[in-house]
Amino acid sequence: MTEEKSLNFIEEIIEEDLKNGKYTSILTRFPPEPNGYLHIGHAKSICLNFGLGIKYGGNTNLRFDDTNPAKEETEYVDSIKEDVKWLGFEWANELYASDYFDQLYGFAVQLITKGLAYVDDSTAEEIAAMKGTPSQAGTDSPYRSRSIEENLRLFKEMKEGKYQDGEKVLRAKIDMAAMNMHMRDPIVYRTKHAHHHRTGDAWCIYPMYDFAHGQSDSIENITHSICTLEFVPHRELYDWFIEKLEIFPSKQYEFARLNMTYTVMSKRKLLQLVTESYVSGWDDPRMPTISGMRRRGFTSESIRNFCDKIGVAKRENMIDFSLLEFCVREDLNRKALRAMAVLDPVKLIITNYPDGTTEELVTENGPDESFGTRIAPFSREVWIEREDFMEVPAKKYFRLFPGSKVRLKSAYIIECTGCVKDNEDNVTEIHCTYIPESKSSNDTSGISVKATIHWVSVPHAAEAEIRMYDRLFKVEDPSDEEGDFKNYINPDSLQVVKPAYLEPSLKDAALGTSYQFIRKGYFCLDRDSTVERLVFNRTVTLKDAWSREVKKG
RNA sequence: UGGGUUAUGGUGUAAUGGUAACACUGCAGAUUUUGAUUCUGCCUUUCUAGGUUCGAAUCCUAGUAACCCAACCA
C-alpha cells in the first residue's frame, strides 16, 4: 500500500552517509536572517530541512543568522518563529549566530595566529579594486604582510572600539589569484558601531556571513547544511575555514530555490511592496509570505503538500501558481464548512410563496455526513447571484431565464416567470413561482432540473465586506520584464465586494475556519472583521467550467 | 569573453545502461441538489551533433543555451 517515492538528491546523500556509517544520525538547520518575513520559498526550505530531520529520525535547529545588526529586528524573529510553528514544525533548539560571537572572535584570533588572516586598513573601494575581475587576478593588499603580533594587536583594538566604521577590516589570507572570487582574501570581520537586537552594544565588530555561517553549523554539529544554489561558490570558503580551524566538518549542499509565476520572491522586492504601500503589509493576503497566505486562508497542510509536490533538485524552476491553487482546493474541499453567500446580489421574488412566512430549511454543513446539518431560513424574497439569471440565455446556459426551472439549494424548485428592469435596462427583480411539492429531501414533484443555485433570504441576510484576491502581478515573471517590477502589478489584485449577503449562520464564523461559499470559492474571516462589520477574504475560487465556456465564446 | 551550476512535455519531478513515467495545466466525456468534488479518456517530452553499446535520458567527445559569482549583505 505504501507508495514508492523516489529520493531527491539530498536524501540520496543522507541515505548513503547513514548506510556507510559516516553518521549515525543527522542534524539539519533552518537559518533565516531576521530581516524580513518568511515567504513560500522559505517554506520550501523549511519543509526540506525539517522534513529530513523527521524522515531520518534526526533533529533540526532554528538558527537566526543575525550578523548584520543594521538590518535585523526582533519583530522579524518573532514572525519567523510563528510561521515555522504554524507550518507545523518543531525545532530542536532556538539558536542565534550572535550566540557564537565570542567563539567566532576566538576563531578569528586562531586564524591570525596561524598567519591566515590580517587586518587591512584599505578602504572599501580600494579592496574592491584590488579584488580584480573574474578573468583577471587580484593584487595583494599593502597590509597583507603585517606580522602576526601586529595583526593580533590591531584586531584586539578593533574589538575595543579604537576604530571608526570602515577604517579597518580583518581578512582571511588565501589567494588573490583564485578563480573563485570568494577566495580572494575575503573580509571576515568588519567594524560596525551598531546596536544589535540581541547583543546590544557589546560588540562594534561583526563577523561576515561567510565567517559565521559555516562555523555556526560546525559548532552545532550540523551534518547536512542545506542552502540554495547561489551559495555554491561559497562552499570552497566554507570548507576552507572548517579545515583551517580544525572543527566539525559540516557539509554544505545546495538546491534550487523556488520561483512561482505571477509573484516575486526576493525579500528586497517584498519589502519594497510593503514600505511603498503597494500592499497593506507583510501579511497582506496577496503577498507570497507565509503570514499573508495564512491570512488569506491557505492551510499549512496545503502548503506542506505543495512543497512536497514541487520536489527538490538543482535546476532553475518556475512553478505554476495553479499548482498551489490545486493544493489548497484539494485540502479545503475536504475540510471547509459549506455555506451560502451571494456576492453580486439581485432580488428574486417567489410570487406564489406566502408573504411574511419563514421556513427553516435543513442544509448540510460539509462534504459528508460527519459535518452534520444546520438551519437556513427561507422566505418569499431571496438574494441570488446576478450571473445566475439571463433574460436571454446564452447557448448551453442552464440556470434561470424566463420559462426555465432550477432548484434553490436545499429548498424548492422554482420556475422563472420574468423580470423587472430599471430605465437603464438593468434587472432589478426576478420573478418566479415555486413548486410546493418539490421541497428538498421530500420531493414528490417528479421534476428534474439541470441547475441548483444558492440563495440567501432577504430579511435574514447578514451583510459583509468580501475581499476578492487575484494574482499580484499581471505577468508570469515580473522580475524578468523590462524596467521596474512594480510596473507589472495587477491593478485588480484586490476587489472589494460590499455588501455581499450571507446566510445568518455566518455571523458566528470564527477566525481561522475555512468556508466554502457554495459555487463561489473558499473564504475565511479576516482579522479586520468586527461584530458590526463582517469581513471575509477569498482564499481561492472554485474551478469554474462555465466561465471557461463563456470565455471560449 | 575567467570560474561554477544546470539542461527530460506548457510547468514541475522520476526513470541510476533495458518499455520515458507521475502530478499540475489544457482538452473531451460520465456522474452530480455546488457547471464544485468524483470518475474516464486524450494531447504534448529526453538541448544539438557525433561516438561507445545488442541496447543510451543515463557513458564518452565537441558544441549550444540558461542561471550564479567581482557587497565592509545574507
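You'll find the structure just up there.
Parameters and conventions
Residues numbered from 1 in each chain as written. Chains lettered and ligands numbered in written order. Predicted model: local features only at pLDDT ≥ 70, side-chain atom pairs only at ≥ 80, totals over all residues. Heavy atoms only, no water. Core = buried A, V, L, I, M, F, W, Y, C linked by side-chain atoms within 4.5 Å. Buried < 20%, exposed > 50% of the residue type's maximum accessible area, 1.4 Å probe, protein only. Helix = DSSP H or I, 4+ residues; strand = E, 2+ residues; numbered from the N terminus. Contact = heavy atoms within 4.5 Å. Salt bridge = Lys/Arg side-chain N within 4 Å of Asp/Glu carboxyl O. 1 Å grid on protein atoms, 1.4 Å probe; cavity = no way out; pocket = protein on both sides within 12 Å on 5 of 7 lines; lining within 4 Å. Points joined across faces, edges and corners; volume = space filled by probe spheres on them. Nonpolar A, V, L, I, M, F, W, Y, C, P; charged D, E, K, R; others polar. Pairing = 2+ DSSP bridges.

**Q** Could you give me a rundown of the nonpolar core, with the residues and numbers involved?
**A** Among the nonpolar cores identified, the biggest contains 35 residues, and Ile40, Ile46, Val84, Met260, Ile303 and Phe306 are the most heavily contacted of them. Residue assignment for this core shows that the elements contributing at least two residues are α2 (40–55), β2 (59–64), α3 (74–86), α10 (290–296), α11 (300–310) and α12 (321–335). Those residues in contact with Phe306 that sit more than four places away from it in its chain are Ile40, Leu258, Met260, Ile319, Leu323, Leu324 and Cys327.

**Q** Report on helix α7 (residues 209–219), specifying residues and quantitative values.
**A** Helical periodicity: at 3.6 residues per turn, an α-helix aligns residues three or four positions apart in one direction. Taking burial as the measure, the 11 residues of α7 include 9 buried ones, the bulk of the element. For α7, the set of buried residues is Asp210, Phe211, Ala212, His213, Gly214, Gln215, Ser216, Asp217 and Ser218. One or two positions beyond α7, positive phi appears at Asn221, with a value near 60 degrees.

**Q** If you had to explain the pattern of salt bridges to someone new, which residues and values would you point to?
**A** Counted under the stated rule, the structure contains 52 salt bridges. A salt bridge links Asp425 to Lys421, with the nearest nitrogen and oxygen atoms 2.9 Å apart. Judged by relative accessible area, Asp425 falls into the exposed class, the value being 52%. Judged by its relative accessible area of 33%, Lys421 falls in the partly exposed class. In this structure, Lys486 and Asp484 form a salt bridge, with 2.8 Å as the shortest nitrogen-oxygen distance. For Lys486, a relative accessible area of 11% gives the class buried. Relative accessible area serves as the criterion here: at 34%, Asp484 is assigned to the partly exposed category. Among the ionic contacts, a cluster of salt bridges with common partners joins Asp283, Arg295, Glu465, Arg467, Lys498, Asp526, Arg527, Asp528 and Arg533.

**Q** How would you explain empty space enclosed by the protein if you had to name every residue and give the values?
**A** Tallied over the entire structure, the rule returns 3 cavities of 30 Å³ or more. What lines the largest cavity is a set of 17 residues, and nearest its centre among them are Arg286, Met287, Pro288, Arg296 and Phe321. Secondary structure elements with two or more residues in the lining of the largest cavity: α10 and α12. The residue inventory of the lining of the largest cavity, partitioned by class, reads 10 nonpolar, 3 polar and 4 charged.

**Q** So what about the pairing of strand β12 (residues 345–350)? Which residues, and what values?
**A** Taking burial as the measure, the 6 residues of β12 include 5 buried ones, the bulk of the element. Taken together, the 5 bridges between β12 and strand β15 (residues 381–385) define a ladder with antiparallel strand orientation. Looking at the pairing, Leu348 lines up with Val382 of β15. Taken together, the 4 bridges between β12 and strand β18 (residues 427–434) define a ladder with parallel strand orientation. Paired with Ile350 across the strands is Cys432, a residue of β18.

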